[in-house]
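The primary structure of each chain is shown beneath.
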Amino acid sequence: MSGWRELVAGLASDGTLTAEWAPVFEALPRSGFLPDVIWRHHVPTGRVEAVDRAREPQRWRAAAESGDPLVTQWDDGEHQGPEQGRVASSSASAPSVVAAMLADLDVRPGQRVLEVGTGTGWNAGLLARRLGAGAVTTVEVDRHLADTARASLERQGLGAVTVVHGDGFQGHPPRAPYDRLIATCGVRTIPGAWLRQCRPGGRIVAPWGTRFTRTEATVALTVAEDGCSAGGPFTTLVQFMSLRAQRRDLPSYADYVTAESREKADRGTTKLTLGETLAGDWDLSRFALGLLVPDCAVVFDAPRGGRRPVWLCGLGDDRSWACVLFREDDHTGGLPSTVYQYGGRRLWDEVETAYAWWQEQGRPGLGRLGLTVDGRGQHVWVDTPDHVVGFPSAV
């Protein structure tokens, strides 16, 4: 059995790939959509390594047929060479994530789909194999990526897919309405254009998150009969490259921590640990706290002297900050960590309040947490749409 067939068989056996999608994945390996140089991202360690097909064809094939996400572009195409760039700007997602999102999309024969974020074109190709190439429209903001994906689709006999070079934030009105819309880039707000271009009863699947950390969750929204609102549950923790119109820039230390603010900062302690609150990219607590502490970004500093400094920075015009010197030798909360806070907001106090509320609610997770989007903004809820928590934000 080839590496790709073995991978597909594994995804099918554990239920990630549905019976409808398994033969589509097997017939259309992602290797047919990848560039000659890719960067394999080993998720458990965070290590990224370049693989060149011309120099190491066997390693390239192994990476292409692996379950790992693959970076295919750095720095919006400005980066050249095999070294890791500054910001990954396009990728081929892990096959398990692609399968899970397509399962959430719940496509049916005869439906029309808009994809936002063409990337390599593989996801659009899978949809085209399932629904017919003429039923798929995909939008890519990067002209080079759009042209490359179009060529790859044509090589696979799927040239009837409509590949558009444009801003996916605006959708693609000329081919609307769509029965399904899927975004393969992370968003902080669901654009109103997406709702308007979907039929009532249609579904929108997108990676959604706050500016708190990079940890996001896929949301599966059903468009209401009024065509102006949508709602649905969060389903899977993910991390995606952001829609370029909504990228998250990390705050600058110098813009927040001045000599005056360091002198005036309040000092306190906390018994919450890094592991309980903010530690892992795939920890639900990170995502949940981001829903409850608005307009705040977390920045992780390098360990020093047995402490791991973690900064919280207020966004917008607010320059409030907090720094928690987490003890690296304490995993139980028995030993207090030092906290410094400055500004109109006490950001760590907000985190502690949010954490306590989350605990009181039984640590609600994906499936219990959901999102409603309407004319008043975005509203996160627990269990039912009328149990709104967190904060509203503009569409």
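Report follows, based on the coordinates. (Residues numbered from 1 in each chain as written. Predicted model: local features only at pLDDT ≥ 70, side-chain atom pairs only at ≥ 80, totals over all residues. Heavy atoms only, no water.)

This part is about the layout of surface pockets. Each pocket or cavity is described by its volume, and for the largest pocket that value is around 1,600 Å³. Ala88, Arg214, Gln239, Phe240 and Met241 are the residues nearest the centre of the largest pocket, which is lined by 49 residues in total. Where the lining of the largest pocket is concerned, the elements lending two or more residues are strand 3 (70-74), strand 4 (88-92), helix 4 (95-105), strand 11 (230-238) and strand 13 (296-300). Within the lining of the largest pocket, the residues separate by chemical class into 20 nonpolar, 18 polar and 11 charged. As a volume, the second largest pocket reaches approximately 460 Å³. If you go around the second largest pocket, you meet 23 residues; those closest to its centre are Pro35, Thr72, Gln73, His144 and Leu145. Among the elements of the structure, strand 1 (37-42), strand 3 and helix 6 (143-155) are those that each provide at least two residues to the lining of the second largest pocket. In terms of residues, the lining of the second largest pocket owes the most to one element, helix 6, which gives six residues. (1 Å grid on protein atoms, 1.4 Å probe; cavity = no way out; pocket = protein on both sides within 12 Å on 5 of 7 lines; lining within 4 Å. Points joined across faces, edges and corners; volume = space filled by probe spheres on them. Helix = DSSP H or I, 4+ residues; strand = E, 2+ residues; numbered from the N terminus. Nonpolar A, V, L, I, M, F, W, Y, C, P; charged D, E, K, R; others polar.)

Our next topic: the pairing of strand 3. Among the five residues that make up strand 3, five are buried, leaving the element largely enclosed by the rest of the structure. Where strand 1 meets strand 3, two bridges bridge the pair, whose relative direction is antiparallel. The residue bridging Arg40 from the neighbouring strand is Leu70, located in strand 3. Relative to strand 4, strand 3 runs antiparallel, the two being bridged by four bridges. Note on strand 4: the bridge partner recorded for Gln73 is Ser90. (Buried < 20%, exposed > 50% of the residue type's maximum accessible area, 1.4 Å probe, protein only. Pairing = 2+ DSSP bridges.)

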